[in-house]
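Descriptive analysis of the structure
The lines below spell out each chain.
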Amino acid sequence: MNLIAELEAEQIASLGKTIPDFKAGDTVRVGYKVTEGTRTRVQMYEGVCISRKGGATLAASFTVRKISFGEGVERVFPLYSTNIDSIEVVRRGKVRRAKLYYLRDRRGKSARIVEKTNYRPLSDAKA
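First things first, this report covers the structure right here in the doc. The model shown is predicted, which means the values in this text are computed figures rather than measured ones. (Residues numbered from 1 in each chain as written. Predicted model: local features only at pLDDT ≥ 70, side-chain atom pairs only at ≥ 80, totals over all residues. Heavy atoms only, no water.)

1. Section: the layout of surface pockets
What the largest pocket holds in volume is close to 310 Å³. Val-48, Arg-65, Ile-67, Leu-103 and Ala-111 are, among the 17 residues lining the largest pocket, the residues nearest its centre. Breaking the lining of the largest pocket down by element, the ones donating at least two residues are β2 (39-53) and β3 (61-68). Of the residues forming the lining of the largest pocket, the biggest block, 3 residues, is contributed by β3. Along the lines of polarity and charge, the residues of the lining of the largest pocket split into 5 nonpolar, 5 polar and 7 charged. Considering only enclosed or pocket space, the second largest pocket measures out at about 160 Å³ in volume. Lining the second largest pocket are Lys-94, Val-95, Arg-96, Arg-97, Leu-100, Tyr-102, Ser-110, Arg-112, Ile-113 and Val-114. Looking at the lining of the second largest pocket residue by residue, the class counts come to 5 nonpolar, 1 polar and 4 charged. (1 Å grid on protein atoms, 1.4 Å probe; cavity = no way out; pocket = protein on both sides within 12 Å on 5 of 7 lines; lining within 4 Å. Points joined across faces, edges and corners; volume = space filled by probe spheres on them. Helix = DSSP H or I, 4+ residues; strand = E, 2+ residues; numbered from the N terminus. Nonpolar A, V, L, I, M, F, W, Y, C, P; charged D, E, K, R; others polar.)

2. Side note on the sheet that holds strand β1 (residues 27-36)
Strand order in the open sheet made by the 5 strands is β4-β3-β2-β1-β5, with antiparallel pairing throughout. Every other strand in the sheet has two partners, leaving β4 (71-78) and β5 (84-91) as the edge strands with one partner each. Shown here is a sheet whose adjacent strand axes are inclined to one another by a mean of 40°, direction ignored. Direction of pairing for β2 relative to β3: antiparallel, over a ladder of 5 bridges. The residue of β3 that forms the bridge with Arg-52 is Phe-62. (Pairing = 2+ DSSP bridges. Axes fitted to C-alpha atoms, helices over the stretch in contact; angles between N-to-C directions.)

3. Re helix α1 (residues 3-15)
The end-to-end C-alpha distance of α1 is 19 Å, a good match for the 18 Å that 13 residues give at a rise of 1.5 Å each. Positioned one or two residues after α1, Gly-16 has a phi angle of 70°, which is positive. (Expected span 1.5 Å × (residues − 1).)

Structure (structure tokens):
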């Protein structure tokens, strides 16, 4: 491993965050810390993850899309942000691409993603 990758691995380990195994097509619920004046609270943002970029680096991010009051809303979250309280996978999607930008043009039934029923975590797949 080169020096930059080693430094990034040390910084990720020092953060102490547990990131679940999720990919594009999965429905995720992100707990994001919102500061309003002097108070902070955790606001949940639930939607379909349409892309992940940056791999396993410190600068990795993911995009979540949801429909709010009939309008499509997308939000990009840095994966290792201190403002992210939790990431929870609600359901696994069965998709064949890494970026689901085509969902932006779809509405209703054509925007649905089939749920993956045979999901096994990475630790079980190798055993």
